[in-house]
Amino acid sequence: MESPNTLLEAIQYFSDEQVCIDTVASMRWMNGPVCPECDAASPYYLKTQKRWKCRECRIQFSVKRGSIFEDSPISLSKWLPALWLLVNCKNGVSSYEVARDLGVTQKSAWFMLQRLRLALRSRNFSSKMGSADGAGVEVDETYIGGNPLKMHKERRLKLAQARSKTVKAVDRYPGKATVMGLFDRESRQVRAKVVPNVKRETLQNEILANVERGSAIYSDQAVAYDKLAQNYIHETVSHADCYVRGQVHTNCLENFWSLTKRTLRGTYVAVEPFHLDRYLDEQMFRFNNRATKDNPLTDSDRFLLALSQVADRRLTYKELTGKVSTTGA
Ligand SMILES: [Zn+2]
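Model, not experiment: these values are computed from the prediction.

### Brief notes about the overall build of the protein chain
No. 1: Within the protein chain, the regular secondary structure consists of eleven helices and eight strands.
No. 2: By residue count, 45% of the 329 residues in the protein chain fall in the buried class.
No. 3: Nonlocal contacts in the protein chain, meaning residues at least 24 apart in sequence, comprise 63% of its contacts between residues at least 6 apart.
No. 4: Total accessible area computed for the protein chain in this model is approximately 17100 Å², and 50% of it derives from carbon and sulfur atoms.

### Regarding the coordination of the zinc ion
No. 1: Donor atoms from the polypeptide that coordinate the zinc ion comprise Cys35 (SG), Cys38 (SG), Cys54 (SG) and Cys57 (SG), at 2.3 Å from the metal.
No. 2: One chain supplies every donor to the zinc ion, and in sequence these donors are spaced C-x2-C-x15-C-x2-C. Of the two residues, cysteine 38 is situated in the loop between helix H2 (17-28) and strand S1 (44-46) and cysteine 54 in the loop between strand S2 (51-53) and strand S3 (60-61); the sequence distance between them amounts to 16 residues.
No. 3: When its relative accessible area of 0% is taken as the criterion, cysteine 54 is described as buried.

### A short note on helix H5 (residues 106-119)
No. 1: Taking 1.5 Å of rise per residue, 14 residues should cover 20 Å, and H5 covers 20 Å from first to last C-alpha, within 8% of that figure.
No. 2: With ten of its 14 residues buried, H5 lies for the most part within the structure.

### Some thoughts on unusual backbone geometry
No. 1: The residue arginine 58 is not glycine, and still its phi comes out positive at about 70°.
No. 2: Assignment of secondary structure puts arginine 58 in the loop between S2 and S3.
No. 3: Note on arginine 58: relative accessible area 45%, which makes it partly exposed.
No. 4: In this structure, lysine 227 takes a positive phi of about 70° despite not being glycine.

### Structural notes on the sheet that holds S1
Remark on secondary structure: sheet strands pair via backbone hydrogen bonds, oriented parallel or antiparallel.
No. 1: Spatial strand order, S1-S2-S3: three strands in an open sheet with antiparallel pairing. Either end of the sheet is taken by a strand with one partner, and the two such strands are S1 and S3.

### Concerning the pattern of salt bridges
No. 1: Taken as a whole and judged by the stated rule, the model has eight salt bridges.
No. 2: Lysine 193 serves as the salt-bridge partner of glutamate 206, at 3.0 Å between the closest nitrogen and oxygen. Residue glutamate 206 is found in helix H7 (residues 200-210), and its partner lysine 193 is found in strand S6 (residues 189-195); the two are separated by 13 residues along the sequence.
No. 3: Among the residues examined, glutamate 206 registers a relative accessible area of 16% and is labelled buried.
No. 4: For lysine 193, a relative accessible area of 37% translates into the label partly exposed.
No. 5: For aspartate 226, the salt bridge identified is with arginine 200, shortest N-O distance 3.6 Å. Of this pair, aspartate 226 sits in the loop between strand S7 (216-220) and strand S8 (233-237) while arginine 200 sits in helix H7, and the two are 26 residues apart along the sequence.
No. 6: Each of Arg117, Glu282 and Arg286 takes part in one network of salt bridges that share partners.

Reading the values: rules and limits
Residues numbered from 1 in each chain as written. Predicted model: local features only at pLDDT ≥ 70, side-chain atom pairs only at ≥ 80, totals over all residues. Heavy atoms only, no water. Helix = DSSP H or I, 4+ residues; strand = E, 2+ residues; numbered from the N terminus. Buried < 20%, exposed > 50% of the residue type's maximum accessible area, 1.4 Å probe, protein only. Contact = heavy atoms within 4.5 Å. Areas by Shrake-Rupley, 256 points an atom, 1.4 Å probe, with all protein chains shown as cover. Donors = N, O, S within 2.8 Å, 3.2 Å for Na, K, Ca; no water. Expected span 1.5 Å × (residues − 1). Pairing = 2+ DSSP bridges. Salt bridge = Lys/Arg side-chain N within 4 Å of Asp/Glu carboxyl O.

Okay, here's the thing in structure tokens:
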């Protein structure tokens, strides 16, 4: 069978466990399987056990070892279609939908989705956006979170407690998390993350860490963006009277915010701030890997790209529920 192009084909294709193993192996080990303990190449494949055995240290390992699938009793024939859904459903996919579509419990589906989001975290964020002769970078911040007035009292209390532990909400918008975003008009890529506040120091440090000096920067007139002109060509737009003044606007970022909010509101209902960064990773992955005229990515391309990032990333239930902080890549 040809490699899949649609969800239905993916479910059929990955119903064969050996096909799942071969697909994951080829994406995580581009030059063939490597021992996760000692890095020795060309281990033996034990066909009946569907595991490899290292020639050097003699340990046996499955394709799940050292990946986001490690220690999961759920078969890859469910994991892979779940990943397909997550990267290709424009507005995200809820744990209820995954549970129903793939025949797992909602709790398992929720945990699967959280682990899968880990594979969607970009590895490219170490390089800087913008350049002195580039098309410029848009900067903006937004507030994300449910309306506390519409919530059940107990939930409101729980959320308030979770928030005070993780993200210190700004006084202006109690109960909401602050998210800062950057959009590179040259590469058409977005970066967004939860920030503790909207102080000048916080936002400007993010800009310095992510944008090449000398780039053009477009922002609104918030005082936090004062003094950017020391390092950048800074132009501002007043949201009060006009959103667009030629090149000077933050509309691309606004578009990303509205997509993100639609997903969070429509599919995920309410997200604890503790998990917000992972939902942003998911949203950024779909946005930054969307099909464009210059880069006509397909559903299958997005799926394989995510699959190539499953290794060296783990998330345990303990970490996920906040009992231990996540470390490493
Ligand atoms: Zn070994």
